[in-house]
Structure formats: C-alpha cells, structure tokens
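Commentary on secondary and tertiary structure
So you can see what is in the structure, the chains are spelled out below.
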Amino acid sequence: MAGLLTKIFGDGNKKQLNRLQKKVDQIEVLEPDIEKLSDEELKQKTDEFKQRYANGESLDDMLVEAYAVVREGSKRVLGMRPFPVQLMGAVALHEGNIAEMKTGEGKTLASTMPAYLNALSGKGVHIITVNDYLAGRDANDMGELYNFLGLTVGLNGNGMTKEEKREAYYSDITYGTNNEFGFDYLRDNMVLYKEQMVQRPLNFAIIDEVDSILIDEARTPLIISGTAQKSATMYQQANAFVRTLKHETDYTYDEKTKGVQLTEEGINKAERYFGIENLFDLNHVTLTHHINQAMKAHASMQRDTDYVVQDGEVVIVDQFTGRLMKGRRYSDGLHQAIEAKEGLQIQNESMTLASITFQNFFRMYQKLSGMTGTAKTEEEEFRNIYNMDVIAIPTNEPIIRDDKPDMIYKTAEGKFRAVVDDIKRRHEAGQPVLVGTVAVETSELISKMLKKAGVPHDVLNAKNHYREAEIIENAGQKGAVTIATNMAGRGTDIKLGEGVADLGGLAVIGTERHESRRIDNQLRGRSGRQGDPGSSQFYLSMEDELMRRFGSENMRSMMEKLGMDDSQPIESKMVSRAVESAQKRVEGNNFDARKTVLSYDDVLRQQREIIYKQRFDVIEANENLREIVEGMIKSTLERVVEANTQDELAENWELETIIEYVHGNLLDAEDISVDDIKGKEPEEIIDFIMAIVKQRYDEKEQELSPEQMREFEKVIVLRTVDTKWMDHIDQMDQLRQGIHLRAYGQNDPLQEYQAEGFQMFEQMIVDIEEEVAKYVMKAQIRDNLQREEVVKNTQAVSGEQEEKKKTRKPYVKTESTGRNEPCPCGSGKKYKHCHGK
C-alpha cells in the first residue's frame, strides 16, 4: 500500500499523508466518548471551545476534539459520517493548504470541520464558491449542522442591501461567490460613513474549486467603474469601415495571440475612408483605438462562443465555465465595438475607480485554504503566489475508471461523426453519457447531429444554465445523454442510477482537449466517483484549435500519406504526448501572464493599501482631524517656500509668488503681505504663515460647533482623497495600457511602470495636500454639511467585464457656471457659496 501511495502521490505527499493520518487516528479514538453525549451536551461543546479559546488555548490544540464533535453532529443532523480521508482533507484545510480531493469524495462535508473550528475564534470564516447556486445550496444544507452546533450562518448574495450583507458578514460562517466578496471589499473602501461598511477584517477563507478562482480567474481584476459619456457615432463609423476590410489583404489575425493588425494596404484604406493624411497622427489616436477595437470585435470575438445576443444585448460567455455573465461588460470600448458589429444600441464606456485582482484580494486573508479535484498540475503557482501546498488526498475507494487513449481524426467532421456514433451505441445499450465541449457552438452542433440520429438528450450551456444542477444530477440515470460545456455543473455530484454500474457506469466523452490539462482532468473526474465504474475518451481532430496552434501540419500530412480517410482514427501514445506537451506550454504561458499581471498589480496594491488605510482612519476617527489637516497645510507651504527660495541670495527670492499663493489658497489679502516675510529665513517664513493659519483655523472653529467642524474636515478630506485617487487609478490604467511600448526602447516595461507609478502617486499626495489645505482654509462652512460620492454611476466589473450597479447621482460641476450665478444644484444660493467652493 505504501509503495502504491508513493507511486501515485510522490514521496513529499506521502510524508504529509502520514502526518495527517496520525491526526485522523486521534479523532477516531474519541468517537465512543463523543457518541455518549446527548444533543444538548454536544451543542454545549461549542461554548466550551469558545471559552477555552478566550482563555488562551489555540485552535490547533482543540482541532482533534472539535473535529470529533462536528463528525458526531454530522451523523445526527445530516445522516453522513465523514470518512477518514475527509478528515485528512479537513486537517489540510485548517493548516492553510489545498486539499486535492477527487469528484464525489465529499469536499463540502470536509469543509465543515475547519469552518467550525476557525469560527470558534469569533473572527468569521468565509466559504467561497464559484456560483450563487452552490453558495445557496451549501449554506442551506451545511447550515443545519452549524445551527445544531450553535453557530450562525450567513449567505452573501448579489443584490442584497447593505444591512442584509452586514448581517451575513457578522455571522460565524459566511457563504458567497468570489466576485461578491471582492466587490464588497472595494465598495467598503468607497463608503462615506463607517456604518456603511459591511465586511469585517478578512480572517479565514476556504475556497471551493480553488483552481477555478485562483488560477483561471486570476488574470481578470475586479473593477468598480464609473460611466464616461462618449459618442456612439465613432463606434458605428469604425464598424462600417472594418466591414469593408479583407483578411490578409487589409489586416492580419494571429490566432495564438488573438492580435489583429492593419496591413500597409489597410492603413491606406483607412486614410482614404476617413479623409485623413496620416492615421497615426496624434490627432487621430481615438480613431485608431476605435478601428482596432472594431477589428478585434470582428476577428477574435465570435458570437455564441465568446458572447451571445439576448434581448437586444451582448451577454458575455465565461470562457472557463460556459456560463452567461449577465450585466458584465468588456472594458476599453470592446463591448461597444461588439454592439456596433451586432447592430445593437451602444452603451456608455467606463472609467476605473477602484480595482483589485483576485490574487491580491485573497492574499489579504490571515489564512487561506482551498479544495478541488484538480490542483496538482498548478502546484508551483499555488506555492509561489499563495504560499499553499497542494496535498493530494487518497480516495475512499480505489478509482476503477477506464481512461482510454485519445482518438485522433483528420477532420473535425470525421471526429464529430465518430462521437455521435459512439453516443448512439452507448445510449442504445442504456449506458449514460456525458459529452464535454469547449464552446457553446460545439454543444449545439452535436445536439443537432444527435437529433438527426434520433437520440434524446439534454444540452447544458450558457444559454440554459439555470437548469444546470437538475440536468447534471440526472446525468447518471440509465440512457441519459448530457452535453455540457467543460466546467458546467462544477460542484454538483453525478450519482449513478439503478443498474447503471452493470452497464459500465457513466461514459465521459471529450470532443476536444482544453488548453489546460486540469480542465480535461475535471471532465474525466465526472465519472468513477466513490469507486464507481466508468470510462473516459477524448476525440480529437487535426482541425482542433489546440492542434492548429501547436503544429499539427506534419501529422496531418503523415495521415494523408498513409491514405487515412475520415473514418479511421489514429490511437497513438505519441500524439497524446504531443498534446500534453502543447498543454504544458500553454499552461506555462498562462502562468507567466498571471505573474505579470500580479507584478503590475503589486505596484497599485502598495498604493491602494496606503490610501485605503488613511481613508479608513479618517472615517473611523472620532477625534480631531485638525492635526492631520495642519500637517497637510504645512507640507504644502514647505514646498511653495522651498521652490521660491532656491537662490543663494535672499534678494533674488520670489517672495511675491509665495504671498500670491498664500492669498489664493490659504489666507485673505489683509492677513499677510510681502513686507511681513521680508528678511526672514525660509523656516521662519513657514512658521510665520502657519501661525496666522492657526489663528484663522481657531476662528473657523468658533463659528461652528465642534461636531460640525470635525464633520467639515472629514467631508473635505474624503472628497479630495476620493477624487484624486480615482483620477490616479484611471491614469495608472492608461499608463499600464501603453507601457509595453517601452520595450522597443530597450527599457523594462515593469520597471518603467513602477518608477512612473511611484512618481504619479507622489504627485497625487501633493495634489491631495494642496486641495485639502485650500478647501479647509478658503471654503465657507455651511450648516447642511453632507459627505458626497464623487462619482455619477458606479458599476462593479469583473475582469474586463462590467456588472451595472447604479447609485444616486451627486452634483456634477459644469465649466460654464459663473461664481456669482445661481448654483445649478437648485439650492437657491450663489454658485461660489454652494458647490463652487
């Protein structure tokens, strides 16, 4: 047995398993004693553990006893007794690692033990799933166990009010999706009052399907964006022009990078079409951008693969799960370009207001763990980026699934014919079949062919994912044929119907290899759960995308030389190895891309942490902000004085400039003149001006109650920080878009981004200090002080996509309003006494 474990899991994993086994043995020993407890005594254990934790006992010390209590509770409430391998997985999760447990091995039940143990600290546990259905299902099913043991459970869903969210977050254990937790973090750092925040400090997270969330979705940041008004005409014109272009003659398309480029002929055509001399003139930057996005929309974005059109809107299809992502939008004008291509109404573009990658969000938790059926292929990434080991937990029963070698056909047509023949044969015998596809269009093509062949079947893709769980649950019934995009139904168990085991169990048929071995393994793992029989078989063709991208020409010509036709597959270990090495190359490229995104986001992360901490300190501060504000005024003064007293000769100092600045930004004309600062050293000038500033500050304080003055300071600081920070993020975003061009000048783009990003951040701090100084000293204080959001509309955006989220519209300044004219907000006051301050 030990030799077999080493063979399957490697020596390092074997040591880990031996260590976990010792803990499992200790938990097993306690079973007879815990069984004797009444329901009431079992519940009282939770209060006992909490008291022991408060008295200084660590969670590690209580693990064995706490796990034994949860297991007994599970037997009584759920009618399920966790297997020893589930206990192993549960210990690995508590230690902040990834438990790789195969499909059907009961990951959901394994997660209850570390969730219970860590919830005893009172700091909250987050259990994160890939979709709302799974979050709701698990919160409901496992909630019975937690409630029985005296813990509270919350569900954090999309569209909930702040009050409902806060209640969910203040529960002992909170279920929800990765997007929702990430967006709540960003929104919490945009609130105006502490009471509007919903999250507590991030303590412990258990991520279900951890590879999907931390690997597949790691490259796409979460973004809160605001709308920017832009004309739809440019998109329509660019779209009309791109429709006139011919592939190869006017533009080139690189399938590997999905890059689209105008040729020399295409550039000439554009200049003639738009009546301009030089397309790359600085005046035509916007036009070039629109043409590029229109070309991308036509060449690389395919309807029913990348997106579908539904109710007059472009709806994105998630490339990893095959689900429709309603309300999400591509950024940078690509979504508008697709809308123009499809002849739909064009919506507004957006600007970035707050953003974070999943990588950086999840690394903020005190402790992080995860579970999945497939993580070993990405072990290096989990260790390097998240500091988590992948521990492969053995299955409760040996896996007896028959994984057959790949069948390779010359053409896609021949491959699909063979797939349909195989499905028909198995269906007639009564064996259930699950067909995995990479794209929506493939699932629809196979569905059409099966209809012609008279085979009844269910199709599960982005267009009908609301029936997902129901369809997947029935996929193991006798004679069932289910076509699904690769990751559809993740987290839902396929149990075999009566008599199915005798027919060979569930047959999984893959219609092409995914670029990631992990996703192929997930599809395979749908069959053969809990020692059930089953089989898996992949059908490939020389026309598949993965084969095309990685040199299938030689093999295709070899097949032609051998005179092989479409009905003859080759079953070759060499081909399977070639496919696997192609997948490894793609995985390597994707890992590099994710590391690059993280390197760039780390620059913004450091800045984000500084701003968010300062912002939180301002919101939370009950005491006087005056000291902070005075510090900002002094910093501003120091810069102005230093800039104007550079010359060694005092008579050459620009004292008038200093006084002009002070009159314009800090004090009134009668407060100070050039004569007052003549003959003084720079330090003395600063001290002299600051003394008058403090006098005026005192006078302002006497005009108002202390509460109003404190609120006035907060209003000014928050509004200034938010405005400047949002501009800064948008500028950083634009810098990031064009920084790769620096490589042409032999400069490292990342180093340039770090250096320029730092300079921009420093400048932003200067701007914040100057603006706060000016507003605090110059603004007339009103009685109706109110903190205002600085954005018109906000949208929560996942990755390059956007989820609309509207808030109230605050007043927006227009350039044309004169200072003495009535304020456009309708208050009846002059503009200078209202929003013009």
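Now for a look at the structure at hand. (Residues numbered from 1 in each chain as written. Predicted model: local features only at pLDDT ≥ 70, side-chain atom pairs only at ≥ 80, totals over all residues. Heavy atoms only, no water.)

This brings us to helix α4 (residues 39-54). Taking 1.5 Å per residue as the helical rise, α4 with its 16 residues ought to reach 22 Å, and the 24 Å between its terminal C-alpha atoms agrees with that figure. Every buried residue of α4 is accounted for by Leu-42, Lys-45, Thr-46, Phe-49 and Arg-52. Of the surrounding elements, those touching the buried residues of α4 are α3 (31-35), α5 (59-77), α7 (107-119) and α8 (132-148). Residue Gly-56 follows α4 closely and has a positive phi angle near 110°. (Helix = DSSP H or I, 4+ residues; strand = E, 2+ residues; numbered from the N terminus. Expected span 1.5 Å × (residues − 1). Buried < 20%, exposed > 50% of the residue type's maximum accessible area, 1.4 Å probe, protein only. Contact = heavy atoms within 4.5 Å.)

This part takes up the packing of helix α12 (residues 233-242) against helix α15 (residues 334-341). α15 packs onto α12 with a crossing angle of 60° between their chain directions and a minimal axis gap of 9 Å. One finds that α12 runs oblique with respect to α15. Viewed along their axes, α12 and α15 form a crossing whose handedness is right-handed. Judged by residue contacts, Tyr-235, Gln-236 and Asn-239 of α12 engage Gln-336, Ala-337, Ala-340 and Lys-341 from α15. Residue classes in the contact of α12 with α15 are distributed as 3 nonpolar, 3 polar and 1 charged. (Axes fitted to C-alpha atoms, helices over the stretch in contact; angles between N-to-C directions. Parallel < 35°, antiparallel > 145°, perpendicular 65-115°, else oblique. Left-handed = near helix turned anticlockwise from the far one by under 90°. Nonpolar A, V, L, I, M, F, W, Y, C, P; charged D, E, K, R; others polar.)

The strand order β9-β10-β11 describes an open sheet built from 3 strands, whose pairing is antiparallel. Each having just a single partner strand, β9 (307-310) and β11 (324-325) make up the two edges of the open sheet. Pairing between strand β10 (residues 313-317) and β11: 2 bridges, direction antiparallel. From the neighbouring strand, Ile-316 faces β11, where its bridge partner is Met-325. (Pairing = 2+ DSSP bridges.)

It is worth spelling out the packing of aromatic side chains at this point. Scanning the entire structure with this criterion turns up 15 aromatic pairs. Relative to Tyr-273, the ring of Phe-241 has its centre 5.1 Å away and its plane inclined at 50°; by these criteria the two rings are tilted. Here Phe-241 is found in helix α12, whereas its partner Tyr-273 is found in helix α13 (residues 264-274), with 32 residues between them in sequence. Ring centres 4.9 Å apart and planes at 65° place the aromatic pair Tyr-600 and Tyr-753 in the edge-to-face group. Separated by 153 residues along the polypeptide, Tyr-600 in helix α24 (residues 573-620) and Tyr-753 in helix α30 (residues 749-778) bring together distant segments of the chain. For Tyr-600, a relative accessible area of 7% gives the class buried. A relative accessible area of 3% places Tyr-753 in the buried class. Grouped by ring-pair contacts, the aromatic residues Tyr-185, Phe-358, Phe-361, Phe-362, Tyr-365, Tyr-612 and Trp-725 constitute a single cluster. Lying over the aromatic face of Phe-204, Lys-367 brings its terminal NZ or CZ to 4.8 Å of the ring centre. Residue placement shows Arg-513 over the ring face of Phe-538; its charged tip is 5.0 Å from the ring centre. (Phe/Tyr/Trp six-rings, centres within 6.5 Å; stacked < 30°, edge-to-face > 60°. Lys NZ or Arg CZ within 6 Å of the ring centre and 35° of its normal.)

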